[in-house]
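# Notes for the structure review
Next come the chains, spelled out residue by residue.
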Amino acid sequence: SAVISQKPSRDICQRGTSLTIQCQVDSQVTMMFWYRQQPGQSLTLIATANQGSEATYESGFVIDKFPISRPNLTFSTLTVSNLSPEDSSIYLCSVPGQAPLYSNQPQHFGDGTRLSIL
Amino acid sequence: GEDVEQSLFLSVREGDSSVINCTYTDSSSTYLYWYKQEPGAGLQLLTYIFSNMDMKQDQRLTVLLNKKDKHLSLRIADTQTGDSAIYFCAEREGGDYKLSFGAGTTVTVRA
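Presented here is an overview of the structure given in this document. In this text the structure is predicted, and so the values were computed from the model without any measurement. (Residues numbered from 1 in each chain as written. Chains lettered and ligands numbered in written order. Predicted model: local features only at pLDDT ≥ 70, side-chain atom pairs only at ≥ 80, totals over all residues. Heavy atoms only, no water.)

## Some points on the interface of chain B and chain A
Here is the rule we go by: The contact definition used throughout considers only heavy atoms, calling two residues in contact when any of these lie within 4.5 Å. Here's the idea: put two parts together, see how much 1.4 Å probe accessible area each one loses, and the total over both is what we call buried area. A pairing counts as a salt bridge when a side-chain nitrogen of Lys or Arg comes within 4 Å of a carboxyl oxygen of Asp or Glu. Helix numbering and strand numbering both begin at the N terminus, where a helix is a DSSP run of H or I of at least 4 residues and a strand a DSSP run of E of at least 2.
Taken together, the 19 residues of chain B in the interface contact 25 residues of chain A. Carbon and sulfur atoms supply 54% of the area that chain B and chain A bury against each other, a total of about 1,700 Å² over both sides. Contact with chain A buries surface across chain B, with Leu43(B), Tyr97(B) and Lys98(B) losing the most and accounting together for 37% of the total. There are zero salt bridges connecting chain B and chain A. When residues of the side of chain B that touches chain A are traced back to their parent elements, those giving at least two are strand S4 (29-37), strand S5 (43-50), strand S9 (85-93) and strand S10 (99-101) of chain B.

## As for unusual backbone geometry
How we decide: Each residue's exposure class comes from its accessible area (1.4 Å probe, protein chains only) as a fraction of the maximum for that residue type: buried when under 20%, exposed when over 50%, partly exposed otherwise.
With an omega of -10°, the peptide bond between Lys7(A) and Pro8(A) qualifies as cis. At Lys70(B), a position not held by glycine, the phi torsion is positive, near 55°. Tracing the sequence through the fold places Lys70(B) in the loop between strand S7 (61-66) and strand S8 (71-76). Overall, the relative accessible area of 23% leaves Lys70(B) in the partly exposed class. Its identity as a non-glycine residue notwithstanding, Asp78(B) has a phi of 50°, on the positive side. With respect to the element layout, Asp78(B) can be found in the loop between S8 and S9.

## Brief notes about the sheet that holds strand S3 (residues 18-24) of chain B
Residue and element names in this part refer to chain B. Convention followed: Two strands pair under a simple rule: DSSP has to find at least two bridges between them. For helices, the fitted line uses only the C-alpha atoms of the stretch in contact; every axis is such a line through C-alpha atoms, and the angle between N-to-C directions lies from 0 to 180 degrees.
Here we have five strands laid out as an open sheet, ordered S1-S3-S8-S7-S6, and antiparallel in their pairing. The strands lining the two open edges of the sheet, one partner per strand, are strand S1 (4-6) and strand S6 (55-58). Averaged over all pairs of adjacent strands, the angle between strand axes in this sheet comes to 15°, irrespective of strand direction. Relative to S3, S1 runs antiparallel, the two being bridged by three bridges. Note on S3: the bridge partner recorded for Glu-5 is Thr-23.

Put into structure tokens, the structure is as follows:
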């Protein structure tokens with residue numbers, strides 16, 4: 001299965017600042033996903049990041065607030081901009097299995113980034 | 001949109017079996033997953049089942065899928081204290097890689 005590394009594992013940020021989260025995968029994947037898990041809640045998909053094209057955002061999430069980069073097939077970043085207390089969550093990166101074109105592989109998640117806003 | 005529901009809490013005695021239930025509404029779901037999240041940790045994939053299967057067994061884990069009723073369950077045999085965690089049910093629709101998650105079931109194992 002794919003090995004996913006996320007950085008930072010946790011951070012405490014001031015209101016109004018931004019935090020960029022990195023996700024590194026040990027194999028090439030066409031799709032990478034960013035999820036948010038608010039305190040005590042389930043996971044919600046923020047966006048799908050495809051290499052070579054703009055990210056596709058889910059309803060309720062916009063590029064200005066959550067800009068995403070996908071410079072190559074093994075790396076992506078998610079920035080959470082203009083931080084407010086409501087952004088305190090765990091942010092998780094996810095990839096679909098091992099190979100870029102396999103459609104029947106389960107999705108794997110990184111350990112997440114725990115973000116707290118002061 | 002997709003809707004996945006789970007009971008929120010389950011308490012089980014050590015050594016007994018745990019059964020976590022999940023229902024979903026999307027009839028085009030192709031893959032269904034169970035993830036485990038321990039305190040302070042990320043999501044660990046436990047097992048998954050294709051929609052053309054009705055059962056999958058993996059050591060202490062048994063997944064049952066009733067596609068007609070859109071019901072998925074996870075049975076953990078001989079539950080141990082290390083099984084205390086939040087368990088998430090998730091579904092994937094067709095060729096789309098996006099997952100829809102349930103709210104998670106908090107399993108507490110008591111001695």
